[in-house]
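In case you want the letters, here they are:
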Protein chains: 2
Amino acid sequence: MNDAAKQLLDKYVKTVDECLLSFTADKPELQGVVCEAMEYSLMAGGKRLRPVLCLEFYRMCGGKDMDSILDIACSIELIHTFSLIHDDLPCMDNDDYRRGKPSCHKAFPESIALLAGDALNTLAFEVISNAALDGRISADKAVMLISVLSKGVGVNGMIGGQVIDLACEGKDVDIETLNVLQSYKTGALIEAACVMGVILAGKFELIPKAAEYASALGRAFQIVDDLLDVTGTFEELGKPIGSDSEQHKCTYVSVLGENRSRQIASQLTMQALGHLTAFEDNGFLSELTDDLLSRRN
Amino acid sequence: MNDAAKQLLDKYVKTVDECLLSFTADKPELQGVVCEAMEYSLMAGGKRLRPVLCLEFYRMCGGKDMDSILDIACSIELIHTFSLIHDDLPCMDNDDYRRGKPSCHKAFPESIALLAGDALNTLAFEVISNAALDGRISADKAVMLISVLSKGVGVNGMIGGQVIDLACEGKDVDIETLNVLQSYKTGALIEAACVMGVILAGKFELIPKAAEYASALGRAFQIVDDLLDVTGTFEELGKPIGSDSEQHKCTYVSVLGENRSRQIASQLTMQALGHLTAFEDNGFLSELTDDLLSRRN
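Cut-offs used in this document
- Residues numbered from 1 in each chain as written.
- Chains lettered and ligands numbered in written order.
- Predicted model: local features only at pLDDT ≥ 70, side-chain atom pairs only at ≥ 80, totals over all residues.
- Heavy atoms only, no water.
- Salt bridge = Lys/Arg side-chain N within 4 Å of Asp/Glu carboxyl O.
- Helix = DSSP H or I, 4+ residues; strand = E, 2+ residues; numbered from the N terminus.
- Buried < 20%, exposed > 50% of the residue type's maximum accessible area, 1.4 Å probe, protein only.
- Contact = heavy atoms within 4.5 Å.
- Buried area = accessible area lost by both parts, 1.4 Å probe.
- Polar contact = N/O pair within 3.5 Å; in protein donor to acceptor, adjacent residues only side chain to side chain.
- Nonpolar A, V, L, I, M, F, W, Y, C, P; charged D, E, K, R; others polar.
- Least-squares fit on C-alpha atoms with pLDDT ≥ 70 in both.

A. Main features of the pattern of salt bridges. If you walk through the whole model with that rule in mind, you get 36 salt bridges over all chains. Here Arg 98 of chain B ties to Asp 88 of chain B by a salt bridge, and the two come within 2.8 Å at their closest N and O atoms. Placement of the pair is Arg 98 of chain B in strand β1 (residues 97-98) and Asp 88 of chain B in helix α4 (residues 66-88), with a sequence separation of 10 residues. With its nearest N and O atoms 3.0 Å apart, the salt bridge here joins Arg 262 of chain B to Glu 258 of chain B. Linking Arg 262 of chain B with Glu 258 of chain B, this pair stays in helix α14 (residues 258-276), spanning four residues, or about one helical turn. Judged by its relative accessible area of 36%, Glu 258 of chain B falls in the partly exposed class. Among the charged side chains, a network of salt bridges with common partners joins Asp 87, Asp 93, Asp 165, Glu 169, Lys 185 and Lys 249 of chain A.

B. Looking closely at the interface of chain A and chain B. Each side of the interface is counted separately: chain A has 49 residues, and chain B has 49 residues. Carbon and sulfur atoms make up 76% of the area that chain A and chain B hide from each other, which totals about 4,000 Å². The largest per-residue losses of area from chain A upon contact with chain B belong to Gln 31, Val 143 and Val 155 of chain A, which jointly make up 14% of the total buried on that side. Linking chain A with chain B are zero salt bridges, by the criterion used here. Put simply, chain A and chain B have 12 residue pairs in polar contact (both at pLDDT 80 or more) between them. Contributions of two or more residues to the side of chain A that touches chain B are made by α2 (32-42), α4 (66-88), α6 (110-133), α7 (139-153), α8 (158-168) and α9 (175-201) of chain A. Looking at which element gives the most residues to the side of chain A that touches chain B, the answer is α6 of chain A, with 15 residues. Looking at the side of chain A that touches chain B residue by residue, the classes come out as 30 nonpolar, 14 polar and five charged.

C. Broad picture of helix α2 (residues 32-42) of chain B. Across the 11 residues that make up α2 of chain B, a large majority, eight, are buried. Among the residues making up α2 of chain B, those that are buried are Gly 32, Val 34, Cys 35, Ala 37, Met 38, Tyr 40, Ser 41 and Leu 42 of chain B. Taken together, the buried residues of α2 of chain B touch α8 of chain A together with α1 (3-23), α4, β2 (101-102), α5 (104-107) and α6 (110-133) of chain B.

D. Main features of the relation of the copies chain A and chain B. Mapping chain A onto chain B is achieved by rotating through 180° and translating by 0.0 Å along the same axis, at an RMSD of 0.0 Å. Such a combination of turn and shift is consistent with a two-fold rotation axis. It is Ala 139 of chain A whose C-alpha, among those of chain A, lies nearest the rotation axis, at 2.6 Å.

In structure tokens:
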């Protein structure tokens, strides 16, 4: 990634972090602990890929007032964080670490972690409806955004992917099933992020192109994740390496092997870059897309 | 309750049940089990109080096309059911029974119960946004409804109440704290249901009156719940009696005693009936309100 792109990414991440922090700034006296748990997980770091994608698609599509839609881009990170908290719970993956820190249910009681995830899920929709009530976006756009986001989260989106993931544990699955699993589990929310940026800018005719880009990017991103799980270190990943294979998860590496996985991730990244050509001023996102392939965490 | 009111209530419940069933009619092949778990808990019975309140406020405020807003009224029951599933989980109240049947996490793996709750939470907002995309309600109304519902669910609503409830377990709390706890835990969603009915009918000036009614009803409802936990039978309640006191929950009975609780429930019911006089054609809801005081489950 070139220096200009790095600087822009840093600026995006800083802006997103500040906005995420503002969501839980007000901690009510009696139930403040759930806000602390939400904040703990929101502030545990992370690439902020989904809000950055939303903001960048908004910008590439001619959106001019990023400040006014920042919280909407961040609503997608609320959902992502909710999914990580619930994914780590003992009845799910039972992961003690997330991004080098104790998981939410290790830092807080399990009940509070559960409720923090629930509250983050709901808060995403509150944030979007507030933007319309404030007059920052039209009610029509808010409805489209909520529709796209809720579908991306639900039974035919992220949550559906988690269910398929559980069903596939310890089983031999074919590449088609794995593709469906991952297109739901990771892809749906990444697609929602890109599409929401386009909707916010009002360039509705570009929604299919954004979705195509997101589909290729999402799969490439997941394959790299699976590769890192076998080749990374605890320091890089912030969690024990090989935890996927210990849990008998179906991954691209387990189904295709390391070399073939690497090849396909490269091919998908090229496809994603191709889809980006439909968008003007795509320099930063091209850099970022390329960078995600060679990331170490 | 008189016969006409009984018949209307039966009709409401039947209509609501059918609508709830339709939400999970489509069960995708790979992840259908989560839809089965959602359906299991949605169809476990229950009074359907929240959708009925929403539909009846809509009607009392002049709403004429109940079929077109039925799914929105039912979206509140999706939220209520999500909260029951998560409340029953081992890390929360660890309840094995709900309405006389095994809890969701006893009938399904705990992971699936968790995800079914998550999916129901999100689905509520998808349903409301769909109604606007279909043109059945305006986008402006959808945004108001989503705002009201998400606030009723969140940190200063139902979920906040669950957090306070956990914090108060085993402690001596005063009546003020208990009132706050219950106004969040039970009251917020009941208020959302009533207010959403008023919004759907477009009689915005009546929102405060609906909220006042809901506040009194919600507290009366909770006190009766607490009384039933000590005086009811398994057959009536569908769960072991005395389970609240076994879990050292703070209840109106534990704080105020049985007699005083009964008195206050009566007073609150009278207050609720008083607030209803602001609404025309309030016969059915007056009957229902009165009936909730003397219910056996």
